[in-house]
Amino acid sequence: MGGDVCRRYCLGFAPGRNMLVAHLSQAGFTPQEMIDANVAVSRGRGQLADRFYDRVMFPIFDEQGHNIAFGGRIMGDGQPKYLNTAETSVFHKKRNLYGFNWAKEFIVAQDTAIVVEGYTDCIACWEAGIKNVVATLGTALTEHHVKTLTRFAKRIVYMFDGDAAGQKAARRAIQFIEQDSMDLRCVVLPDGNDPMEFITAHGGQELQARIDAAEPLMDFVYRSLQESSDITTPGGRAKALEDALTLIYPLRDSYMIDTYFIQIADLLGLDLETVRASSGRVFRDVAKREDAERRREQQQTQRNGKVIPCAEQQPPFRDCAERCGESGECGGGQKIQAAEPQKRPFAVERRKAERQQEKAEAEARRKAERRAAKIESQLISAGGQILKRGLL
């Protein structure tokens, strides 16, 4: 990216080493204001540290063009690769979209919104002349994103990298296909390319042609299921049937559910009644798994407390892999912070209190006995003195 691109999209660089904290302090901002804006983190004893360091910075704007957050891409191989401002009173990553302030008018003009997964992908599309593009902020497409976009267009094209994560994101987006008469389509780029890499190799016109030919999301998901299973064998068909029914579980209450059953039956060469009968068992299994997962999350939260970014630890961790492992499953550099010890059951607490009371009563009795012995000794001594004086 050249200097013109950086200026056009207000890009910057965060060197770290407390340079931002020093600059903002000189500008009159208080430590609490920096922490609330999530550009600094507390290191204890009143000291602050920059939240972002050695990162290219992408300002995130709301729909009206107000700067509400930042995203930083690491320079080099550190982790997490992308680090966003944490949730604040004005920034919510499940609601906001990168570049929406610039793309909004083009989305309206073309009645189509294109969704990609990274800031650089967004900028590469804009520079290639594809202006109706926004990016999610480290999350999959959410219901809030869909509601925002369908205010301006009825056609949404979700563009994925051609990898396993992209396939998973496509399947998760199925739950939105019936919202607000929306036409949800997808483009999966070949060879694992992201949009920026594809544009670099093939140009913007080729990418636009693929966008124009985007296929309905449900068709893509069914096709990918067919390609990933050997439906020529009974075992392969059984697996594909279970996978397909699991995918449409979010649509189980739809008035179009029979249509989806028919599509699955045609795809796998099964009769409709077999698909419908199997759906009850698969849907129950999915519901049980989701319920068990919710209970595990609740227990984990109760046991371990809240989740906080590695960058906000004391001191901040530059590489979350050092703390969270190489898998990156920490969600952008997060770890579980130990919570307060759980309270013991009431019966245990009661026995502990009774033992403490018995111990206190025994100690009181010993003190009383020592006091009585001392008084008796004093009385005997006083009596001896009186007797001695009488004899004299």
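Below is a short write-up of the structure. (Residues numbered from 1 in each chain as written. Predicted model: local features only at pLDDT ≥ 70, side-chain atom pairs only at ≥ 80, totals over all residues. Heavy atoms only, no water.)

**Description of the pattern of salt bridges**
- A full pass over the atoms with the stated rule returns 16 salt bridges.
- Measuring nitrogen to oxygen at the nearest pair gives 2.8 Å for the salt bridge that ties Asp-4 to Arg-7. In this pair, Asp-4 and Arg-7 are both assigned in helix H1 (residues 3-8), 3 residues apart and thus about one turn of the helix distant.
- The class for Arg-7 is exposed, based on a relative accessible area of 61%.
- In this structure, Arg-296 and Glu-293 form a salt bridge, with 2.6 Å as the shortest nitrogen-oxygen distance. Taken together, the residues Arg-296 and Glu-293, both in helix H13 (residues 272-304) and 3 residues apart, mark about one turn of the helix.
- The exposure class assigned to Arg-296 is partly exposed, which follows from its relative accessible area of 47%.
- Taking relative accessible area as the criterion, Glu-293 reaches 34% and is therefore assigned partly exposed.
- Each of Glu-63, Lys-104 and Arg-151 takes part in one network of salt bridges that share partners. (Salt bridge = Lys/Arg side-chain N within 4 Å of Asp/Glu carboxyl O. Helix = DSSP H or I, 4+ residues; strand = E, 2+ residues; numbered from the N terminus. Buried < 20%, exposed > 50% of the residue type's maximum accessible area, 1.4 Å probe, protein only.)

**Topic: helix H10 (residues 217-228)**
- For H10, with 12 residues, the first-to-last C-alpha span of 17 Å sits near the 16 Å given by 1.5 Å per residue.
- For H10, the set of buried residues is Leu-217, Met-218, Phe-220, Val-221, Tyr-222, Ser-224 and Leu-225. (Expected span 1.5 Å × (residues − 1).)

**Examining the layout of surface pockets**
- Roughly 500 Å³ of internal volume is contained in the second largest pocket.
- Leu-20, Leu-24, Val-39, Asn-67 and Phe-70 are, among the 25 residues lining the second largest pocket, the residues nearest its centre.
- Secondary structure elements with two or more residues in the lining of the second largest pocket: strand E1 (12-14), helix H2 (19-26), helix H3 (31-36), strand E4 (55-61) and strand E5 (67-74).
- A per-class count over the lining of the second largest pocket returns 18 nonpolar, 5 polar and 2 charged. (1 Å grid on protein atoms, 1.4 Å probe; cavity = no way out; pocket = protein on both sides within 12 Å on 5 of 7 lines; lining within 4 Å. Points joined across faces, edges and corners; volume = space filled by probe spheres on them. Nonpolar A, V, L, I, M, F, W, Y, C, P; charged D, E, K, R; others polar.)

**Considering the sheet that holds E1**
- Strand order in the open sheet formed by 4 strands is E1-E4-E5-E6, and the pairing between neighbours is antiparallel. Strands at the two margins of the open sheet, each flanked by one partner only, are E1 and strand E6 (82-84). Looking at each pair of strands side by side, their axes are set apart by 35 degrees on average, direction ignored.
- Sheet topology places E1 next to E4; 3 bridges connect them, and they run antiparallel. Residue pairing for E4: Ala-14 is matched across the bridge by Arg-55. (Pairing = 2+ DSSP bridges. Axes fitted to C-alpha atoms, helices over the stretch in contact; angles between N-to-C directions.)

**Structural notes on the nonpolar core**
- Grouped together as the largest cluster of nonpolar side chains are 81 residues, with contacts concentrated most on Tyr-98, Leu-217 and Ile-248.
- When residues in this core are grouped by element, the largest group, 7 residues, is from helix H12 (residues 257-268).
- Judged by nonpolar contacts, the second largest core, of 6 residues, contains Val-21, Met-34, Val-39 and Ala-40. (Core = buried A, V, L, I, M, F, W, Y, C linked by side-chain atoms within 4.5 Å.)

**Re the packing of aromatic side chains**
- Throughout the structure, instances matching the rule amount to 12 aromatic pairs.
- Summarising the aromatic geometry, the rings of Tyr-9 and Trp-102 are spaced 5.5 Å apart at their centres and angled 75 degrees between planes, so their arrangement reads as edge-to-face. Within this pair, whereas Tyr-9 is found in the loop between H1 and E1, its partner Trp-102 is found in helix H4 (residues 100-110), the two being separated by 93 residues in sequence.
- Under the relative-accessibility criterion, Tyr-9 is labelled buried at 5%.
- Their ring planes at 65 degrees and their centres at 5.8 Å tell us that Tyr-249 and Phe-283 sit as a pair that is edge-to-face. Placement of the pair is Tyr-249 in the loop between helix H11 (234-247) and H12 and Phe-283 in helix H13, with a sequence separation of 34 residues. For the residue pair Tyr-249 and Phe-283, the accessibility class agrees, reading buried in each case. (Phe/Tyr/Trp six-rings, centres within 6.5 Å; stacked < 30°, edge-to-face > 60°.)

**Brief notes about H12**
- Look at H12: 17 Å from first C-alpha to last across 12 residues, which is about the 16 Å you get at 1.5 Å a residue.
- For H12, the set of buried residues is Ile-257, Tyr-260, Phe-261, Ile-264, Ala-265, Leu-267 and Leu-268. Summarising the axial view, the buried residues of H12 lie within an arc of 165 degrees, below the 170-degree limit, and thus occupy one face.
- Looking one or two places after H12, you find Gly-269, whose phi comes out positive at around 70 degrees. (Arc of directions from axis to C-beta.)

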